[in-house]
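Structural features, examined
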Amino acid sequence: MREVELRLNGQTVARPAEARTHLADFLREEHLLTGTHLGCEQGVCGACTLFLDGRPVRACIILAAACDGAEVRTVEGFGDDPLMGRLREAFKRHHGLQCGYCTPGMLATAYDIVRRLPDADAARIRRELSGNLCRCTGYAGIVAAIEDVLSHDPPAAQVVPLPRRRRFRPGAAERSAAAAPAAARPAAVSGDLPAFESYAGPRELADGVALNRSVLVQAPLATVWKVVRNPPSVVACIPGASLAGPPQGEALAGQCAVSLGPMSAAFRGTAAMRLEEAERRGRVVGAGRDGLSRSTLEGTLDFALEPEGDATRLKLSLVYRLKGPLAQFGRPALVEEVADRILAQTVAALAGRATGRAGAQAVPQKLAGFSLAWSVLRGLLRRVFWRG
């Protein structure tokens, strides 16, 4: 993973990316800018055309790591651009779009044509559009829209070509690792699970999907706190979760596997657990990545204990964010229901472990199968009919 910093639609952003991740996936999955459409993923169809340092490029054949430090403008970044506004109105007026899949790339190319070729005629416009494929319109409306804008003294373009710059800048970690003598470099960790690298590092989420659970545990507060403050005990209560090794201070490394029908994922990553002993509460902040789908999961779990007579109230609040192909493939309600099932089973297992009930250890090693699918379906049906 490499940290990639961009000037994206006027704002400086930074996110980690694999060396093989192309710019289009980086924008769609890490920044949720889905206006950049993916078609051929071979640089042929032009659907993913956007502006890199003020020049139109194919985002599907450019590596995100190669764009470090660059200025990127996607279709979402032209809200107040007068030239793009003129083009949008002309496309609408001349029926220059039908299904709309090619439209973001078409608009980017049209913007470049108007900016670069103020005297272009219909034949030249068609040649310039030859790298953008459209299966709907026959191009006549698109060409007419560009001619219309050119014939009415178009406003100046706000996005202009910038000087070329060196793309990838090695970060501090890469520079220090390269400078360190071979003997000083850490050796690979052996064991049942492979060594895990931190994905983006644990960080608290300010937004995301929020889930809450509360259960009354028939055990004293001190007994319940002994369970929830112990990371191995907590992990043992999470379906499909396992640790890569013993905790290193606040730091944890491990994985969580889950599958639902044909979908399966094993999120590997790191977390940090912070406790407030006096208040009997704590927070776990973690991030993980599924190597097969290249999906990422980030979350913050807050837990707190409150005495209620001889019993203890256990409260958990989870905020998570799923990004990548798994998030795009599944409906948000389905993903939320799966997360809620996991949280519910975790709470029940923690309560069972604290009270010493028989069977409290029987937490599934992998959350999967028809039982999960059926419980998720029942939960979704309850929500639909209850809201109705």
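To keep things clear, this report deals only with the structure shown in the data block.

Scoring rules and cut-offs
- Residues numbered from 1 in each chain as written.
- Predicted model: local features only at pLDDT ≥ 70, side-chain atom pairs only at ≥ 80, totals over all residues.
- Heavy atoms only, no water.
- Helix = DSSP H or I, 4+ residues; strand = E, 2+ residues; numbered from the N terminus.
- Buried < 20%, exposed > 50% of the residue type's maximum accessible area, 1.4 Å probe, protein only.
- Contact = heavy atoms within 4.5 Å.
- Areas by Shrake-Rupley, 256 points an atom, 1.4 Å probe, with all protein chains shown as cover.
- Axes fitted to C-alpha atoms, helices over the stretch in contact; angles between N-to-C directions.
- Left-handed = near helix turned anticlockwise from the far one by under 90°.
- Nonpolar A, V, L, I, M, F, W, Y, C, P; charged D, E, K, R; others polar.
- 1 Å grid on protein atoms, 1.4 Å probe; cavity = no way out; pocket = protein on both sides within 12 Å on 5 of 7 lines; lining within 4 Å.
- Points joined across faces, edges and corners; volume = space filled by probe spheres on them.
- Pairing = 2+ DSSP bridges.
- Phe/Tyr/Trp six-rings, centres within 6.5 Å; stacked < 30°, edge-to-face > 60°.

1. With respect to the overall build of the chain
A tally of helices and strands in the chain yields 11 helices and 12 strands. Buried positions account for 45% of the 388 residues belonging to the chain. In the chain, of all internal contacts separated by at least 6 residues, the share reaching a separation of at least 24 is 62%. Element-wise, carbon and sulfur atoms account for 56% of the exposed surface of the chain, whose accessible area totals about 20,000 Å².

2. What about the packing of helix H3 (residues 103–116) against helix H5 (residues 140–150)?
Where H3 contacts H5, the axes come no closer than 10 Å and their chain directions differ by 35°. Seen from above, H3 lies across H5 with right-handed handedness. From H3, Met106, Ala110, Ile113 and Val114 reach across to H5, where they touch Ile142, Ile146, Val149 and Leu150. Here the contact of H3 with H5 is composed, by residue class, of eight nonpolar, no polar and no charged.

3. Considerations on empty space enclosed by the protein
Take a probe with the size of a water molecule and roll it over the atoms, and the empty space left behind shows itself. Under the definition given, this model contains four cavities of 30 Å³ or more. Here the second largest cavity is characterised by a volume of approximately 100 Å³. Thr21, Glu29, Glu30, Arg289 and Arg294 are, among the 13 residues lining the second largest cavity, the residues nearest its centre. The set of elements that each furnish at least two residues to the lining of the second largest cavity consists of strand S2 (11–17) and helix H1 (23–30).

4. What about unusual backbone geometry?
Despite not being glycine, Glu41 shows a phi value in the positive range, around 60°. Of note, Glu41 is situated in the loop between H1 and strand S3 (49–52). According to the relative accessible area criterion, Glu41 is partly exposed, its value standing at 42%. The phi angle at Tyr139 is positive, at roughly 75°, despite the residue not being glycine. Mapping Tyr139 onto the fold places it in the loop between helix H4 (122–128) and H5.

5. Quick word on the sheet that holds strand S1 (residues 2–8)
Strand order in the open sheet made by the five strands is S2-S1-S5-S3-S4, with mixed pairing throughout. Because the sheet does not close on itself, it has two edges, and the strands there are S2 and strand S4 (55–58). Along the sheet, successive strands turn relative to each other by an average axial angle of 40°, direction set aside. Of the strand pairs in this sheet, S3 and strand S5 (residues 71–73) are connected by two bridges, and their pairing is antiparallel. Bridging across to S5, Phe51 finds its partner in Arg73.

6. Side note on the packing of aromatic side chains
What describes a pair of aromatic rings is the distance from one ring centre to the other and the angle between the planes of the rings. All chains considered together, the criterion is met by four aromatic pairs. Look at Phe51 and Tyr111: their rings are 5.4 Å apart centre to centre, the planes differ by 70°, and that puts the pair in the edge-to-face class. Linking Phe51 in strand S3 with Tyr111 in helix H3, this pair joins segments that are 60 residues apart in sequence. Comparing Phe51 with Tyr111, the two get one shared label, buried. Look at Trp225 and Phe303: their rings are 6.4 Å apart centre to centre, the planes differ by 40°, and that puts the pair in the tilted class. Here the residue Trp225 occupies a position in helix H7 (residues 221–228), and Phe303 occupies one in strand S11 (residues 295–308), the gap between them amounting to 78 residues. You can call Trp225 buried: its relative accessible area is 4%. A relative accessible area of 7% means that Phe303 is categorised as buried. Taken together, the ring pairs in this structure connect Phe51, Phe78 and Tyr111 into an aromatic cluster.

7. As for H5
It helps to recall that an α-helix has 3.6 residues per turn; residues three or four apart then point in one direction. With eight of its 11 residues buried, H5 lies for the most part within the structure. Where H5 is concerned, the buried positions are Gly141, Ile142, Val143, Ala145, Ile146, Asp148, Val149 and Leu150. Looking at the buried positions of H5, the neighbouring elements they touch are helix H2 (82–93), H3 and H4.

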